[in-house]
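Overview (structure and organization)
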Amino acid sequence: AQSVTQLDSHVSVSEGTPVLLRCNYSSSYSPSLFWYVQHPNKGLQLLLKYTSAATLVKGINGFEAEFKKSETSFHLTKPSAHMSDAAEYFCVVSDMNGNKLVFGAGTILRVKS
Amino acid sequence: DTAVSQTPKYLVTQMGNDKSIKCEQNLGHDTMYWYKQDSKKFLKIMFSYNNKELIINETVPNRFSPKSPDKAHLNLHINSLELGDSAVYFCASSQVWTNTEAFFGQGTRLTVV
């Protein structure tokens, strides 16, 4: 079965510094991977997705993620954090048929001024 | 032009009551889902419907009964509500077999008192 481990429950960065949110996945096939963001009391918004095309995926708001099969990782990065990036981020893997998404436990990103 | 809309946004009710949450998508997707987000923000799939047929039921109590009158709607009815049902429920839709992302509604915050 597929699973996702987000290695940090909380990450705190200063505004203008790089962001790194770590995610490792487990899958018996070539997975589809996603990052979703949830701002407080809001729904889930897709940041980016990997579906076996380019391994470096660019998303919205300056975020990107790199799929590394050898490390089974899909870490999310951003060169310079903005206050508006403060939210909870979920790494997600899709099952083989695309019938369901399996979510990681989430990483809360705090951005300090 | 909301892609996935669910109502109500907030629902406060007493234990033992029966309540429904409605969901509609205007994206033309063939698959709809219900996810539950608990107090620790962990998201887990409850049900998945493809072309009005149930394809995933993740060991949810049978007090929860989804109903899909057509491809664009997936409603969730909950009987005999319990305190532990308090959570945020998210509806989502996607087009399976194409590895596209799921689009989420804004969530329904259910509080059972």
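Further up the page is the structure itself.
Let me begin by describing the structure that accompanies this report. (Residues numbered from 1 in each chain as written. Chains lettered and ligands numbered in written order. Predicted model: local features only at pLDDT ≥ 70, side-chain atom pairs only at ≥ 80, totals over all residues. Heavy atoms only, no water.)

1. Observations regarding the state of the cysteines
All chains considered together, the criterion is met by two disulfides over all chains. Linked covalently through their sulfurs, A:Cys23 and A:Cys91 form a disulfide whose S-S length is 2.0 Å. In this structure, the disulfide formed by A:Cys23 and A:Cys91 twists by about -70° around the S-S bond and is classed as left-handed. Residue A:Cys23 is located in strand S4 (residues 23-26), and its partner A:Cys91 is located in strand S10 (residues 87-94); the two are separated by 68 residues in the primary sequence. We classify A:Cys23 as buried; its relative accessible area is 0%. The residue that forms a disulfide with B:Cys23 is B:Cys91, at a sulfur-sulfur distance of 1.8 Å. Residues B:Cys23 and B:Cys91 share a disulfide whose torsion about the S-S bond is about -80°; that sign makes it left-handed. Here the residue B:Cys23 occupies a position in strand S3 (residues 19-25), and B:Cys91 occupies one in strand S9 (residues 87-94), the gap between them amounting to 68 residues. (Disulfide = S-S within 2.5 Å. Helix = DSSP H or I, 4+ residues; strand = E, 2+ residues; numbered from the N terminus. Buried < 20%, exposed > 50% of the residue type's maximum accessible area, 1.4 Å probe, protein only.)

2. A closer look at the pattern of salt bridges
Pairing of side chains with opposite charge becomes possible as their charged atoms draw close. All names here are of chain B. As enumerated under the stated definition, the model contains eight salt bridges over all chains in all. With a closest N to O distance of 2.8 Å, Asp85 and Arg63 form a salt bridge. Here Arg63 lies in the loop between strand S6 (53-57) and strand S7 (64-70) and Asp85 lies in the loop between strand S8 (73-78) and S9, a separation of 22 residues in the sequence. For the pair formed by Asp85 and Arg63, the shared burial category is buried. Each member of the salt-bridge network shares a partner with another, and the members are Arg63, Glu82 and Asp85. (Salt bridge = Lys/Arg side-chain N within 4 Å of Asp/Glu carboxyl O.)

3. Quick look at the layout of surface pockets
Considering only enclosed or pocket space, the largest pocket measures out at about 230 Å³ in volume. Surrounding the largest pocket, 19 residues form its lining, A:Gln38, A:Pro40, A:Asn41, A:Lys42 and B:Arg109 being those nearest its centre. Looking at the lining of the largest pocket, the elements with two or more residues in it are S10 of chain A together with S9 and strand S11 (108-112) of chain B. Here the lining of the largest pocket is composed, by residue class, of six nonpolar, eight polar and five charged. Considered as a void within the structure, the second largest pocket measures approximately 180 Å³ in volume. (1 Å grid on protein atoms, 1.4 Å probe; cavity = no way out; pocket = protein on both sides within 12 Å on 5 of 7 lines; lining within 4 Å. Points joined across faces, edges and corners; volume = space filled by probe spheres on them. Nonpolar A, V, L, I, M, F, W, Y, C, P; charged D, E, K, R; others polar.)

4. Here's the deal with the sheet that holds strand S1 (residues 4-7) of chain B
All names here are of chain B. One open sheet accounts for four strands, arranged S1-S3-S8-S7; its pairing is antiparallel. Looking along the sheet, the strands with just one partner apiece sit at the ends: S1 and S7. The mean angle between the axes of side-by-side strands here comes to 15°, regardless of whether they run parallel or antiparallel. (Pairing = 2+ DSSP bridges. Axes fitted to C-alpha atoms, helices over the stretch in contact; angles between N-to-C directions.)

5. Here we look at the pairing of strand S2 (residues 10-14) of chain A
Residue and element names in this part refer to chain A. Of the two faces of S2, the one lined by Val11 and Val13 is fully buried and the one lined by His10, Ser12 and Ser14 carries no buried residue. Sheet topology places S2 next to strand S12 (residues 107-112); five bridges connect them, and they run parallel. Across the sheet, residue Ser12 finds its bridge partner in S12, namely Arg110.

Purely spatial values, then, with no claim about function.
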